[in-house]
Amino acid sequence: MPSGTKKRRNPRQRSSPSRYKADLQSKTDKKEESKKKPEKPDGPTIYPMVFASPITRLYAFTIDLGLLMMIIYTVAPQAGGAIFSNESVAPNLVFLLGYFIIPTIIWGKTPGKWVAGIVVVDSDGRTPGPAAIPREMIGKLVSFLAAGIGIFWLIFDPKRQGWHDKIAGTYVVYNPYSGGPQFMKDFFKIGAKKDDDKSKSDDEDEEESESESESDSESESKSESESEEESEKLSETESK
(Lines give C-alpha, C1' and ligand atoms only; values in the text may rest on other atoms or scores of the structure.)
Protein backbone atom coordinates (compact mmCIF):
# COMPACT_ATOMS: atom_id res chain seq x y z
CA MET A 1 0.00 0.00 0.00
CA PRO A 2 1.49 3.43 -0.91
CA SER A 3 2.69 5.39 2.01
CA GLY A 4 0.69 8.45 0.90
CA THR A 5 -2.62 6.71 1.56
CA LYS A 6 -1.82 5.83 5.17
CA LYS A 7 -3.34 8.18 7.71
CA ARG A 8 -1.13 9.12 10.55
CA ARG A 9 -2.94 8.88 13.86
CA ASN A 10 -2.55 11.95 16.03
CA PRO A 11 -0.90 11.44 19.42
CA ARG A 12 -3.33 11.31 22.30
CA GLN A 13 -4.17 14.75 23.54
CA ARG A 14 -3.15 15.60 27.06
CA SER A 15 -3.91 18.49 29.37
CA SER A 16 -1.58 21.43 29.18
CA PRO A 17 0.64 21.96 32.27
CA SER A 18 0.23 25.73 31.92
CA ARG A 19 -3.55 25.36 31.96
CA TYR A 20 -3.41 23.19 35.06
CA LYS A 21 -1.15 25.69 36.81
CA ALA A 22 -3.58 28.47 35.88
CA ASP A 23 -6.44 26.48 37.45
CA LEU A 24 -4.41 26.00 40.63
CA GLN A 25 -3.59 29.71 40.73
CA SER A 26 -7.28 30.52 40.30
CA LYS A 27 -8.17 28.27 43.27
CA THR A 28 -5.47 29.91 45.38
CA ASP A 29 -6.69 33.41 44.45
CA LYS A 30 -10.27 32.50 45.42
CA LYS A 31 -9.11 31.22 48.81
CA GLU A 32 -7.08 34.38 49.44
CA GLU A 33 -10.03 36.58 48.46
CA SER A 34 -12.34 34.71 50.85
CA LYS A 35 -9.87 35.31 53.70
CA LYS A 36 -9.53 39.04 53.05
CA LYS A 37 -11.38 41.33 55.44
CA PRO A 38 -13.96 43.37 53.50
CA GLU A 39 -13.45 47.10 53.37
CA LYS A 40 -15.72 49.15 55.62
CA PRO A 41 -17.98 51.36 53.48
CA ASP A 42 -18.12 55.12 53.87
CA GLY A 43 -21.03 56.57 55.81
CA PRO A 44 -23.31 54.68 58.21
CA THR A 45 -22.35 51.04 58.39
CA ILE A 46 -24.98 48.38 57.74
CA TYR A 47 -23.83 45.05 59.13
CA PRO A 48 -24.89 41.74 57.55
CA MET A 49 -27.41 39.88 59.70
CA VAL A 50 -25.24 36.88 60.56
CA PHE A 51 -26.24 36.15 64.14
CA ALA A 52 -23.45 35.57 66.65
CA SER A 53 -23.31 32.19 68.36
CA PRO A 54 -23.86 31.83 72.13
CA ILE A 55 -20.21 30.76 72.54
CA THR A 56 -18.96 33.95 70.89
CA ARG A 57 -21.24 36.08 73.06
CA LEU A 58 -20.10 34.25 76.19
CA TYR A 59 -16.51 34.90 75.16
CA ALA A 60 -17.25 38.63 74.74
CA PHE A 61 -18.94 38.79 78.15
CA THR A 62 -15.98 37.02 79.74
CA ILE A 63 -13.61 39.62 78.29
CA ASP A 64 -15.80 42.46 79.61
CA LEU A 65 -16.04 40.85 83.03
CA GLY A 66 -12.28 40.42 83.19
CA LEU A 67 -11.69 44.05 82.22
CA LEU A 68 -14.18 45.24 84.84
CA MET A 69 -12.48 43.19 87.56
CA MET A 70 -9.10 44.60 86.57
CA ILE A 71 -10.44 48.16 86.74
CA ILE A 72 -12.17 47.59 90.08
CA TYR A 73 -9.18 46.00 91.79
CA THR A 74 -6.87 48.66 90.38
CA VAL A 75 -9.00 51.73 91.19
CA ALA A 76 -10.73 50.67 94.42
CA PRO A 77 -7.62 50.85 96.68
CA GLN A 78 -6.85 54.34 95.37
CA ALA A 79 -10.45 55.68 95.49
CA GLY A 80 -10.77 55.66 99.29
CA GLY A 81 -14.35 54.34 99.19
CA ALA A 82 -15.59 56.95 96.70
CA ILE A 83 -16.29 54.18 94.19
CA PHE A 84 -16.29 50.38 94.14
CA SER A 85 -17.28 50.05 97.77
CA ASN A 86 -20.39 49.05 99.70
CA GLU A 87 -21.15 52.69 100.49
CA SER A 88 -20.82 53.96 96.91
CA VAL A 89 -23.79 52.24 95.30
CA ALA A 90 -24.75 55.11 92.96
CA PRO A 91 -21.23 55.63 91.51
CA ASN A 92 -20.89 51.88 91.04
CA LEU A 93 -24.12 51.72 89.04
CA VAL A 94 -23.19 54.76 86.99
CA PHE A 95 -19.82 53.23 86.10
CA LEU A 96 -21.22 49.80 85.23
CA LEU A 97 -24.07 51.19 83.13
CA GLY A 98 -21.69 53.63 81.46
CA TYR A 99 -19.30 50.81 80.58
CA PHE A 100 -22.03 48.87 78.77
CA ILE A 101 -24.37 51.62 77.55
CA ILE A 102 -22.12 54.35 76.13
CA PRO A 103 -19.97 52.13 73.85
CA THR A 104 -23.07 50.24 72.69
CA ILE A 105 -24.88 53.49 71.81
CA ILE A 106 -21.91 54.91 69.88
CA TRP A 107 -20.24 51.83 68.34
CA GLY A 108 -22.68 48.99 69.05
CA LYS A 109 -20.05 47.08 71.02
CA THR A 110 -18.24 46.94 74.32
CA PRO A 111 -14.50 46.18 74.46
CA GLY A 112 -15.37 42.49 74.88
CA LYS A 113 -17.54 42.50 71.76
CA TRP A 114 -14.81 44.32 69.86
CA VAL A 115 -12.32 41.58 70.73
CA ALA A 116 -14.84 38.86 69.87
CA GLY A 117 -15.72 40.52 66.54
CA ILE A 118 -19.44 41.00 67.18
CA VAL A 119 -21.72 44.04 67.29
CA VAL A 120 -25.20 44.99 68.52
CA VAL A 121 -27.49 46.19 65.71
CA ASP A 122 -31.12 47.08 65.13
CA SER A 123 -33.45 45.38 62.64
CA ASP A 124 -31.84 47.34 59.78
CA GLY A 125 -28.31 46.21 60.63
CA ARG A 126 -27.25 49.57 62.04
CA THR A 127 -25.83 50.35 65.48
CA PRO A 128 -28.75 50.65 67.93
CA GLY A 129 -28.15 54.16 69.22
CA PRO A 130 -30.54 55.09 72.07
CA ALA A 131 -32.13 51.61 71.86
CA ALA A 132 -29.10 50.41 73.80
CA ILE A 133 -30.43 52.16 76.92
CA PRO A 134 -33.53 49.96 77.48
CA ARG A 135 -31.52 46.96 76.33
CA GLU A 136 -28.85 47.38 79.00
CA MET A 137 -30.91 48.94 81.80
CA ILE A 138 -34.30 47.25 81.60
CA GLY A 139 -33.80 44.21 79.37
CA LYS A 140 -30.80 42.77 81.17
CA LEU A 141 -32.32 43.47 84.57
CA VAL A 142 -35.44 41.49 83.63
CA SER A 143 -33.33 38.72 82.08
CA PHE A 144 -31.19 38.27 85.20
CA LEU A 145 -34.09 38.61 87.65
CA ALA A 146 -35.87 35.73 85.89
CA ALA A 147 -33.15 33.37 87.17
CA GLY A 148 -31.11 34.07 84.05
CA ILE A 149 -33.74 32.52 81.77
CA GLY A 150 -33.78 35.67 79.64
CA ILE A 151 -30.05 35.24 78.97
CA PHE A 152 -30.20 31.50 78.26
CA TRP A 153 -33.12 32.14 75.93
CA LEU A 154 -30.72 33.15 73.17
CA ILE A 155 -29.37 29.58 72.99
CA PHE A 156 -32.71 28.31 71.66
CA ASP A 157 -33.89 31.40 69.82
CA PRO A 158 -33.45 31.11 66.00
CA LYS A 159 -32.22 34.72 65.83
CA ARG A 160 -30.07 34.37 68.96
CA GLN A 161 -32.04 37.02 70.84
CA GLY A 162 -32.17 37.12 74.61
CA TRP A 163 -35.04 38.83 76.37
CA HIS A 164 -33.02 42.03 76.56
CA ASP A 165 -32.62 41.92 72.77
CA LYS A 166 -36.33 41.31 72.24
CA ILE A 167 -37.28 44.17 74.57
CA ALA A 168 -35.05 46.64 72.69
CA GLY A 169 -35.50 45.14 69.23
CA THR A 170 -31.77 44.48 68.83
CA TYR A 171 -29.63 41.64 67.49
CA VAL A 172 -26.01 40.62 67.99
CA VAL A 173 -24.26 39.81 64.71
CA TYR A 174 -20.74 39.10 63.52
CA ASN A 175 -18.76 42.15 62.49
CA PRO A 176 -16.95 41.49 59.17
CA TYR A 177 -15.04 44.78 59.57
CA SER A 178 -13.79 43.91 63.05
CA GLY A 179 -10.36 45.17 63.94
CA GLY A 180 -10.03 42.97 67.00
CA PRO A 181 -6.68 41.47 67.97
CA GLN A 182 -5.58 39.07 65.23
CA PHE A 183 -3.91 36.66 67.66
CA MET A 184 -7.26 36.07 69.39
CA LYS A 185 -8.96 35.45 66.05
CA ASP A 186 -6.23 32.99 65.11
CA PHE A 187 -6.58 31.24 68.49
CA PHE A 188 -10.29 30.65 67.90
CA LYS A 189 -9.72 29.54 64.31
CA ILE A 190 -7.32 26.69 64.99
CA GLY A 191 -9.79 24.24 63.49
CA ALA A 192 -10.17 26.38 60.40
CA LYS A 193 -6.39 26.55 60.04
CA LYS A 194 -6.17 22.76 60.20
CA ASP A 195 -8.81 22.50 57.48
CA ASP A 196 -6.86 24.97 55.34
CA ASP A 197 -3.66 22.98 55.84
CA LYS A 198 -5.47 19.79 54.90
CA SER A 199 -6.94 21.43 51.81
CA LYS A 200 -3.50 22.74 50.85
CA SER A 201 -2.04 19.26 51.28
CA ASP A 202 -4.81 17.80 49.13
CA ASP A 203 -4.08 20.39 46.43
CA GLU A 204 -0.39 19.50 46.50
CA ASP A 205 -1.21 15.78 46.22
CA GLU A 206 -3.54 16.52 43.34
CA GLU A 207 -0.87 18.59 41.63
CA GLU A 208 1.68 15.80 42.07
CA SER A 209 -0.77 13.24 40.73
CA GLU A 210 -1.56 15.43 37.73
CA SER A 211 2.14 15.93 37.05
CA GLU A 212 2.74 12.16 37.11
CA SER A 213 -0.26 11.63 34.84
CA GLU A 214 1.04 14.22 32.41
CA SER A 215 4.48 12.63 32.43
CA ASP A 216 3.01 9.19 31.73
CA SER A 217 0.81 10.61 29.00
CA GLU A 218 3.78 12.38 27.41
CA SER A 219 5.86 9.18 27.48
CA GLU A 220 3.02 7.18 26.01
CA SER A 221 2.42 9.76 23.29
CA LYS A 222 6.12 9.77 22.45
CA SER A 223 6.16 5.99 22.30
CA GLU A 224 3.11 5.94 20.02
CA SER A 225 4.68 8.55 17.76
CA GLU A 226 7.92 6.57 17.48
CA SER A 227 5.94 3.40 16.77
CA GLU A 228 4.00 5.13 14.01
CA GLU A 229 7.19 6.49 12.46
CA GLU A 230 8.72 3.02 12.42
CA SER A 231 5.53 1.63 10.90
CA GLU A 232 5.61 4.28 8.18
CA LYS A 233 9.27 3.59 7.41
CA LEU A 234 8.53 -0.14 7.17
CA SER A 235 5.59 0.56 4.84
CA GLU A 236 7.77 2.76 2.63
CA THR A 237 10.43 0.04 2.49
CA GLU A 238 7.87 -2.62 1.51
CA SER A 239 6.36 -0.40 -1.18
CA LYS A 240 9.80 0.11 -2.70
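Throughout what follows, the structure given in this document is the object of discussion. Bear in mind the structure is a predicted one, so any value in this text is a computation, not a measurement.

1. Re the overall build of the protein chain
- The number of helices and strands found in the protein chain is nine helices and two strands.
- Along the chain direction, N to C, the helices and strands of the protein chain fall in the order α-α-α-α-β-α-α-α-β-α-α.
- A burial count over the protein chain gives 28% of its 240 residues as buried.
- About 16,200 Å² of surface is accessible on the protein chain, with carbon and sulfur atoms providing 59% of the total.

2. So, the packing of aromatic side chains
- Summed over the entire model, instances satisfying the criterion amount to five aromatic pairs.
- The interplanar angle of 35 degrees and the centroid separation of 5.8 Å between the aromatic rings of F51 and Y171 together place this pair among those described as tilted. A residue pair is termed long-range when its members are at least 10 positions apart, and F51 in the loop between α1 (17-35) and α2 (54-79) and Y171 in strand β2 (residues 171-174) qualify at 120 residues.
- For F51, a relative accessible area of 27% translates into the label partly exposed.

3. Let's talk about the packing of α2 against helix α3 (residues 89-106)
- It is at 12 Å that the axes of α2 and α3 come closest, and there the two elements cross at 140 degrees. As for how α2 packs across α3, the hand of that crossing is right-handed. Residue-level contacts link D64, L67, L68 and I71 of α2 to F95, L96, Y99 and F100 of α3.
- When its residues are assigned to classes, the contact of α2 with α3 shows seven nonpolar, no polar and one charged.

4. Regarding the side chain of R135
- Assignment of secondary structure puts R135 in helix α5 (residues 132-145).
- For R135, a relative accessible area of 1% corresponds to the buried category.

5. Details of the nonpolar core
- Within the largest apolar cluster, eight residues are counted, these being A52, Y59, A60, V115, A116, I118, V120 and V172.
- Within the residue set of this core, elements represented by two or more residues are α2, α4 (111-116) and β1 (118-121).
- Excluding anything up to four places from it in sequence, V120 contacts T104, G108, K113, R126, T127, P128, R135, T170, Y171 and V172.
- Counting residues in each nonpolar core, the second largest holds six residues, with Y47, V119, Y171 and Y177 among its members.

6. Thoughts on the pattern of salt bridges
- Under the criterion given, the structure shown has five salt bridges.
- One salt bridge connects K140 with E136, and the closest N-O pair in it is separated by 2.9 Å. Of the two residues, K140 and E136 are both situated in helix α5; the distance of four residues between them amounts to about one turn of the helix.
- Here the salt bridges share partners, and the residues they tie into one network are R57, R135, E136, K140 and D165.

7. Digging into the packing of α3 against α5
- Interhelical geometry of α3 versus α5 gives an angle of 145 degrees and a closest axis separation of 8 Å. The element α3 and its partner α5 pack so that their crossing is right-handed. Residues L97, F100, I101, T104 and I105 of α3 form the contact with α5, whose participating residues are A132, I133, E136, M137 and K140.
- A per-class count over the contact of α3 with α5 returns seven nonpolar, one polar and two charged.

8. A short note on α2
- Relative to the 38 Å expected for 26 residues at 1.5 Å per residue, α2 spans 36 Å between its end C-alpha atoms, a close match to the ideal helical length.
- Of the residues making up α2, those classed as buried are T56, R57, Y59, A60, D64 and L68.
- Phi turns positive one or two residues past the end of α2, at G80, with a value near 65 degrees.

9. Notes on unusual backbone geometry
- With a phi angle near 60 degrees, F84 is a residue other than glycine that sits in the positive phi range.
- For F84, the location among the structural elements is in the loop between α2 and α3.

10. Regarding the pairing of β1
- Side chains I118 and V120 of β1 all project onto a buried face; the interleaved residues V119 and V121 project onto the opposite face, where all are buried too.
- Note: β1 against β2, four bridges, orientation antiparallel. What sits directly across from V120, in β2, is V172.

11. Observations concerning the environment of W163
- Secondary-structure assignment places W163 in helix α7 (residues 163-168).
- Along the backbone, W163 and V142 are 21 residues apart, and their C-alpha atoms lie at a distance of 7.7 Å.

Parameters at a glance
Residues numbered from 1 in each chain as written. Predicted model: local features only at pLDDT ≥ 70, side-chain atom pairs only at ≥ 80, totals over all residues. Heavy atoms only, no water. Helix = DSSP H or I, 4+ residues; strand = E, 2+ residues; numbered from the N terminus. Buried < 20%, exposed > 50% of the residue type's maximum accessible area, 1.4 Å probe, protein only. Areas by Shrake-Rupley, 256 points an atom, 1.4 Å probe, with all protein chains shown as cover. Phe/Tyr/Trp six-rings, centres within 6.5 Å; stacked < 30°, edge-to-face > 60°. Axes fitted to C-alpha atoms, helices over the stretch in contact; angles between N-to-C directions. Left-handed = near helix turned anticlockwise from the far one by under 90°. Contact = heavy atoms within 4.5 Å. Nonpolar A, V, L, I, M, F, W, Y, C, P; charged D, E, K, R; others polar. Core = buried A, V, L, I, M, F, W, Y, C linked by side-chain atoms within 4.5 Å. Salt bridge = Lys/Arg side-chain N within 4 Å of Asp/Glu carboxyl O. Expected span 1.5 Å × (residues − 1). Pairing = 2+ DSSP bridges.

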